[in-house]
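Listed here are the chains, written in short residue letters.
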Amino acid sequence: QKTLGEGRAILCKMVEAAMERKMDYSVSLRGHAEKLDKYLDDEWYDHLTETYVDCAPERLWDGLFQASILFRKAGLVMDEDSSFTYPRRMDVTLMRLFRQMWEESQ
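A quick note: this is a predicted structure, and the numbers were derived from the prediction, not measured. (Residues numbered from 1 in each chain as written. Predicted model: local features only at pLDDT ≥ 70, side-chain atom pairs only at ≥ 80, totals over all residues. Heavy atoms only, no water.)

Caption draft 1: View of the side chain of Arg8. Within the secondary structure layout, Arg8 lies in helix 1 (residues 2-22). It turns out Arg8 is buried and unbridged, and the closest side chain with the opposite charge, Glu6, is 10 Å from it. Residues contacting Arg8, with those up to four places away along its chain left out, are Thr51 and Tyr52. (Helix = DSSP H or I, 4+ residues; strand = E, 2+ residues; numbered from the N terminus. Buried < 20%, exposed > 50% of the residue type's maximum accessible area, 1.4 Å probe, protein only. Lys, Arg positive; Asp, Glu negative; His and termini not counted. Salt bridge = Lys/Arg side-chain N within 4 Å of Asp/Glu carboxyl O. Contact = heavy atoms within 4.5 Å.)

Caption draft 2: Examining the pattern of salt bridges more closely. Applying the stated criterion to the full structure yields seven salt bridges. A salt bridge links Glu20 to Arg30; the nearest nitrogen and oxygen atoms lie 2.8 Å apart. You can see Glu20 sitting in helix 1 and its partner Arg30 sitting in the loop between helix 1 and helix 2 (42-49), a full ten residues away along the chain. Taking the relative accessible area as the measure of exposure, Glu20 reaches 4% and is therefore buried.

Caption draft 3: Local environment of the nonpolar core. Of all hydrophobic cores here, the largest spans 18 residues; its most connected members are Val15, Met19, Leu36, Leu40, Trp44 and Leu48. At the level of secondary structure, the elements contributing two or more residues to this core comprise helix 1, helix 2 and helix 3 (57-79). Here Met19 is in contact with Leu29, Leu36, Tyr39, Leu40 and Trp44, once residues within four sequence places are set aside. (Core = buried A, V, L, I, M, F, W, Y, C linked by side-chain atoms within 4.5 Å.)

Caption draft 4: Spotlight on the packing of aromatic side chains. Applying the stated criterion to the full structure yields two aromatic pairs. Look at Phe71 and Tyr86: their rings are 6.4 Å apart centre to centre, the planes differ by 45°, and that puts the pair in the tilted class. Placement of Phe71 in helix 3 and of Tyr86 in the loop between helix 3 and helix 4 (88-105) is noted, with a sequence separation of 15 residues between them. Sitting over the ring of Tyr52, Arg8 keeps its end group 3.9 Å from the ring centre. If you follow Lys22 out to its NZ or CZ, it ends over the ring of Trp44, 4.9 Å from the centre. (Phe/Tyr/Trp six-rings, centres within 6.5 Å; stacked < 30°, edge-to-face > 60°. Lys NZ or Arg CZ within 6 Å of the ring centre and 35° of its normal.)

Caption draft 5: Spatial organisation of the packing of helix 3 against helix 4. Between helix 3 and helix 4, whose axes approach to 11 Å, the crossing angle comes to 170°. Classified by the interaxial angle, the pair formed by helix 3 and helix 4 is roughly antiparallel. Contact residues: helix 3 offers Glu58, Trp61, Leu64, Phe65, Ser68, Arg72, Leu76 and Asp79, while helix 4 offers Arg88, Asp91, Met95, Phe98, Arg99, Met101, Trp102 and Ser105. For the contact of helix 3 with helix 4, the residue count by class is eight nonpolar, two polar and six charged. (Axes fitted to C-alpha atoms, helices over the stretch in contact; angles between N-to-C directions. Parallel < 35°, antiparallel > 145°, perpendicular 65-115°, else oblique. Nonpolar A, V, L, I, M, F, W, Y, C, P; charged D, E, K, R; others polar.)

Caption draft 6: How the structure looks around the packing of helix 1 against helix 3. Helix 3 packs onto helix 1 with a crossing angle of 30° between their chain directions and a minimal axis gap of 9 Å. Between helix 1 and helix 3, the crossing angle belongs to the class labelled roughly parallel. Crossing handedness for the pair helix 1 and helix 3: left-handed. Within the contact between the two elements, helix 1 uses Leu4, Ile10, Leu11, Met14, Val15, Ala17, Ala18, Arg21 and Lys22 and helix 3 uses Leu60, Gly63, Leu64, Ala67, Leu70, Phe71, Ala74, Gly75, Val77 and Met78. Classifying every residue of the contact of helix 1 with helix 3 gives 15 nonpolar, two polar and two charged. (Left-handed = near helix turned anticlockwise from the far one by under 90°.)

Right under this line is the structure:
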């Protein structure tokens, strides 16, 4: 849970940047993750809230997968028409690894 929380801090920064990008940088969210609910659509918000989980192993896995999905969405927004290139190959490799680890834990 601690590691997921640390990852969530990075995820929130990525989501903040993606929301700024989606709004053509007309708003600054940097360091204001508490404001994200005002800017995220329901799907993105649901993914984010699903990363806040208890210590049950199955819930931790759910939180990890939700964080991964949202990070991908944010990364692909940042990839559009910018100098940032989302590492798609690494994303696929990591998701395979996470799924394999999850399956082995079952």
